[in-house]
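The residues making up each chain are set out below.
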Amino acid sequence: MHEPGKKKVDGWFALGLLLTALFLVFVLYPLLLILYKSVLDPASGGTTTANFVKFFSRKYYWITLWNSVKVTTCSTFIAVLLGLPMAYVLRNVKIRGLSVINILIVISYLSPPFIGAYAWVQMLGRNGLITNIFNKLFGIQFAGIYGFAGIVLVFSLQSFPLVYMYVSGALKNLDNSLNEAARSLGCSTFQSVWRVVTPLILPTLLASALLVFMRVFSDFGTPMLIGEGYRTFPVLIYTQFMGEVSTDSHFAAALCVIVIGITLALFFLQGLLARRWSYSMSALRPMEAKKYSGLSNFLAHLFVLSVVALAIIPQCTVIFSSFLETKGGHVYTGNFSLENYANTLLAKDNNAIVNTYLFGVAAIALVVVMGVLISYLSTRKKSPLTATLDTMTMMPYIIPGSVLGISFLYAFNAPPLILANTPLIMIIALSLRRMPYTIRSSTAIISQISPSIEEAAISFGASERTTFLKITLPMMLPGVLAGAIMSWITIISELSSSIILYTSRTRTLTVAIYAEVIRSNFGNAAAYSTVLTVTSVLSLLLFYKLSGKREISI
Amino acid sequence: MSVTIDIDNVVKKYGDLTVVNGLSLKVDPGEFFTLLGPSGCGKTTLLRMIIGFNSIEAGEIRVDGRVVNDVPTDKRNMGMVFQNYAIFPHMTVYENVAFGLKMRKLSNAEIAPRVAEILELVKIDALRDRKPTELSGGQQQRVALARAIVIQPEVLLMDEPLSNLDAKLRVEMRNVIKNIQHKLGITTVYVTHDQEEALAVSDRLAVMNAGVIQQIDTPQRVYQRPANLFVSTFIGLSNVLNGKITGDGKGVDFGGYMVEMDNLNELAKPNAPVLVSVRPEEFVIDRAAGEGLKAVVKNRVFLGSTIHYFLEMGDKELEVIDRADNLEMIPAGAQVTLTAKANKINVFDESGGRSLIAAERTQ
Ligand SMILES: Nc1ncnc2c1ncn2[C@@H]1O[C@H](COP(=O)(O)OP(=O)(O)O)[C@@H](O)[C@H]1O
Ligand SMILES: [Mg+2]
């Protein structure tokens, strides 16, 4: 029994403090350290802007930023040009095999971009399948798609699904009466899409374009594999930090600061635009996919199927080539065999697959528990403390994975906290990167639960803790679990922070694939990739089964 | 200038479900025509066929004699007011109203005065620069109306435009709509499931049930001389009584109480069982014993100008409306005698499907 008047320690407050402390240590501290390092003059111990001057004064360096901007802008633009019509057509026209199409699109999106790069090299590279056929057929000397074109190809095909999924969701909430009103006022179908539908989904389109932009801008695997001489900014960061020649950790830190500055600016810009143009929409009469006939039906099918085929080709190539026999890892003999699987799955000391599953499960557990608690705190226990916490949890959303990895190495490679080279650092990095998404979706779930339900439980004498555990949590659980499966799929496909943090003991599948590709062991890479893809597909099917939904939100 | 609409034997199917099966009606130039019927009877479906959002599986729709079956909506020049208004959320009031004129490639110099005129007509000229989120339901309704009429459509279509408004605004807006329609003389098809609203606004109305038209007539005729039992019970209140035609075929026998009538038609065969519909105000209620139906007052409600009595006659419940003049109210429990006003009541055949009242004799 508590004495009246004496305030007992609020458990939620204590929890909020604990979580805030964790994020201070694992998000804010490493970032501040990077910032500090970027302006630290190691010789004098004072501050300096030399690293930034070095970057912006030498074309060798700043050209990478310009390259990145070009590649990213082009890819984002093409991704929108593919994703937007895909979403509109699939919401409007009855297309056969819609659910299979949706699964294929999601799969193509969930696989790491660099796998696409390496698969396209297999087909359109110097010695690629399609390249060889074309050169023989037409007697030309096509040297394969590398550099700018290759990077853009891979990124566009890899990113349009994100635009597609976002826009498709927005279209579902668009009231078709608006379309009909436009038609009755004299718009052709096309005009009404252009003048009514497009402006209304613009905020969503911008949000998805920003996500694509940030993803593409910070990805380094793809330009590494298909860029050849075309160096992008993430490649520069990676080589400055990890490269064999002349690593300069202070310069690398400065580069990280520049990236964070850019993504941060974009993030705020998008938020600004979205606030200006957000319309709350709810569809009284949503669009209905109608059966078309004749030419329009044919064209719609042709468009959708071509885009899906292009998107899924890399996966198919990889799965197919995983069953091909190779000589020395990269020369195909033309026979089928399971040798690649034997070399990878059965190799001794091979911990990549086990690691992937272990780290994945641990990261998911962490993400789900913390995500639920944090979203509960920031929706139901609003205070300056929870607002701070909420802001910090969003930071990994705009920090590229490689930057997060680098900051972790800076921060946790020395006492008091030595975590470098441990599985724990991988798990923490993986879960932090996913945290913003989980918190957002949990927040959405909580805000659909009326607080009066909790109040009712408390009025019947349940404590706050019991109410949370027995009432709120069970109501959240189905949505949270469905979200957890999606998190799992994205976590096992993560490369950019893992590639910085891994050691030979903590290799994951994506790291192994990347390493095998770099070593031209395409057979092994294909086998690993197939394992990853199969895991993703099975998880996705489980997601569909559990959630009973056909819609995916990433 | 105003157009006719001919709906000729149209059929609408959703997959295997036939919602409208061979429906015909004709809307006169400049007429305010209402489709009235219970929810799900196919009103919206028919309206959307007129404007071209729904395909037509068979039959024809003609506007001024031109078949429009295959004319795309944007070429039909029809204005529509939607149930949820469908105001474009990304445009101001002015831009919403100007939208249709822009689509007609009018110059800004031509658009501005026309929009201004319409905004004034529907009394929202003060709101021209507001965004839709800053408007009340009634104001949004006015924007939707302005947007639909500014394009000078040949036909104006409205699908339950008042259903999202509160009761008071509903009455106000229906007068606005009626007055503006009358002023502009646009041929109008209006959909509602609210019979009072339909009676109030329409020049003529079609009562629909399950995709079939039950009656097309003026509000007064539909109320006073319903074509069948469905119409008489759907529109207004009706006490439905069993009876039979008298032996001479010139009246109705309610089992002892006879009402002599001079307006029965040739379908009324002597001694045939019939259903009689008596509106609450078509009964005369009297405490004195005499010839008539015997009932007991269960309850009564004083409503100022009228008194409503709820009565019991055997196992039947009846409702009677009496003028509240200076006579005292009849207390609950009292025995009363009801007599029917012979020239007002309606008689239907046993199935309720056909009226036995002769067609002429309009007042
Ligand atoms: N798109 C559709 N697909 C299948 N059935 C429909 C569709 N639209 C309406 N219906 C059916 O047609 C019937 C008439 O609907 P509707 O015209 O909307 O009725 P009302 O407007 O009179 O309430 C209803 O039974 C409804 O279920
Ligand atoms: Mg309707």
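Residues numbered from 1 in each chain as written. Chains lettered and ligands numbered in written order. Predicted model: local features only at pLDDT ≥ 70, side-chain atom pairs only at ≥ 80, totals over all residues.

Draft legend 1. Structural view of the overall build of chain A. What chain A contains, in helices and strands, is 23 helices and 4 strands. Its C-alpha atoms give chain A a radius of gyration of 25 Å, within 12% of the compact-globule value 24 Å for 554 residues. With the principal axes as the frame, chain A shows a C-alpha extent of 90 × 75 × 50 Å. In chain A, which comprises 554 residues, the proportion classed as buried is 45%. Here the analysis covers contacts within chain A between residues at least 6 apart in sequence; of these, 79% occur between residues at least 24 apart. (Helix = DSSP H or I, 4+ residues; strand = E, 2+ residues; numbered from the N terminus. Rg over C-alpha atoms; globule rule 2.2 N^0.38 Å. Buried ≥ 20, exposed ≤ 12 C-beta atoms within 10 Å, placed from the backbone. Contact = placed C-beta atoms within 7 Å.)

Draft legend 2. Here's a closer look at the domain arrangement of chain A. Residue and element names in this part refer to chain A. The assigned domain composition of chain A is domain 1 (11-37 + 338-554) and domain 2 (58-321). The gap between the C-alpha centroids of domain 1 and domain 2 is 24 Å. Contributing elements (two or more residues each) for the side of domain 1 that touches domain 2: helix 1 (11-39), helix 17 (401-411), helix 20 (464-492), helix 22 (509-518) and helix 23 (522-547). In terms of residue count, helix 23 provides more of the side of domain 1 that touches domain 2 than any other element does, 9 residues in total. Here the residues of the side of domain 1 that touches domain 2 sort into 19 nonpolar, 12 polar and 3 charged. (Domains from an automatic or database assignment. Nonpolar A, V, L, I, M, F, W, Y, C, P; charged D, E, K, R; others polar.)

Draft legend 3. Spotlight on the interface of chain B and chain A. At the interface, 19 residues of chain B touch 17 residues of chain A. Going through the elements one at a time, strand 6 (78-81) and helix 2 (93-103) of chain B are the ones with two or more residues in the side of chain B that touches chain A.

Draft legend 4. Representation of the site of ligand 1 in the model. All names here are of chain B. Around ligand 1 sit Tyr14, Leu17, Val19, Gly37, Ser39, Gly40, Cys41, Gly42, Lys43, Thr44 and Thr45, and those are all the residues in its vicinity. Counting residues per element, the ones that place at least two in the shell around ligand 1 are strand 2 (17-27) and helix 1 (43-51). No other element matches the 3 residues that helix 1 contributes to the shell around ligand 1. Residue composition of the shell around ligand 1, grouped by class: 4 nonpolar, 6 polar and 1 charged. (Near = placed C-beta within 6 Å.)

Draft legend 5. Structural view of the sheet that holds strand 2 of chain B. Residue and element names in this part refer to chain B. Strand order in the open sheet formed by 4 strands is 2-1-4-5, and the pairing between neighbours is antiparallel. What marks the edges here is a single partner per strand, and that holds for strand 2 and strand 5 (66-67). Sheet topology places strand 4 (residues 58-63) next to strand 5; 2 bridges connect them, and they run antiparallel. Each bridged residue has a counterpart across the sheet, and for valine 63 the counterpart in strand 5 is arginine 66. (Pairing = 2+ DSSP bridges.)

Draft legend 6. Molecular detail of the pairing of strand 8 (residues 187-192) of chain B. Residues and elements named next belong to chain B. Burial within strand 8 is extensive, with 6 of its 6 residues counted as buried. Neither face of strand 8 is left uncovered, since the one carrying Thr187, Val189 and Val191 and the one carrying Thr188, Tyr190 and Thr192 both have all their residues buried. Relative to strand 8, strand 7 (residues 155-159) runs parallel, the two being bridged by 5 bridges. Considered in strand 8, the bridge of leucine 157 is made with valine 189. With helix 5 (residues 167-184) bridging strand 7 and the parallel strand 8, this β-α-β connection has right-handed handedness. (Right-handed = clockwise from strand over helix to strand, strands pointing away.)

Draft legend 7. Fine view of the sheet that holds strand 11 (residues 239-245) of chain B. Residues and elements named next belong to chain B. The antiparallel open sheet is built from 5 strands, whose spatial order is 13-12-11-14-20. Single-partner strands in this sheet number two, and they are strand 13 (258-260) and strand 20 (346-349). With strand direction ignored, the average angle separating the axes of adjacent strands in the sheet is 40°. Pairing between strand 11 and strand 14 (residues 273-278): 6 bridges, direction antiparallel. Directly across from asparagine 239, in strand 14, lies its bridge partner valine 278. (Axes fitted to C-alpha atoms, helices over the stretch in contact; angles between N-to-C directions.)

Draft legend 8. Region of the structure containing the packing of helix 2 (residues 50-57) of chain A against helix 12 (residues 249-276) of chain A. Residues and elements named next belong to chain A. At a minimum axis separation of 9 Å, helix 2 and helix 12 run at an interaxial angle of 75°. In terms of orientation, helix 2 lies roughly perpendicular with respect to helix 12. Where helix 2 approaches helix 12, its residues Asn51, Phe52, Lys54 and Phe55 are matched on the opposing element by His250, Phe251, Ala254, Leu255 and Ile258. Of the residues in the contact of helix 2 with helix 12, the class split is 6 nonpolar, 2 polar and 1 charged. (Parallel < 35°, antiparallel > 145°, perpendicular 65-115°, else oblique.)

Draft legend 9. A look at unusual backbone geometry. Residues and elements named next belong to chain B. Even without a glycine there, the phi angle at lysine 105 is positive, about 65°. You can see lysine 105 is positioned in the loop between helix 2 and helix 3 (108-121). Here asparagine 271, not a glycine, exhibits a phi torsion of approximately 70°, which is positive. When you line up the elements, asparagine 271 lands in the loop between strand 13 and strand 14.

Draft legend 10. Expanded view of the domain arrangement of chain B. All names here are of chain B. For chain B, the assigned domains read domain 1 (5-224) and domain 2 (230-349). The distance between the C-alpha centroids of domain 1 and domain 2 comes to 39 Å. Of the residues lining the interface, 8 residues belong to domain 1; the matching set on domain 2 comes to 5 residues. Split by residue class, the side of domain 1 that touches domain 2 holds 4 nonpolar, 4 polar and no charged.

Draft legend 11. Up close: the confidence of the model for chain B. Residue and element names in this part refer to chain B. Summing up the model confidence of chain B, the mean pLDDT is 90 and the portion of residues at 70 or higher is 98%. Mean pLDDT per element in chain B: strand 13 is the minimum at 87, and strand 3 (residues 32-36) is the maximum at 96. Here the prediction assigns the complex a pTM of 0.81, and the interface score ipTM is 0.83. (pLDDT = per-residue confidence, 0-100.)

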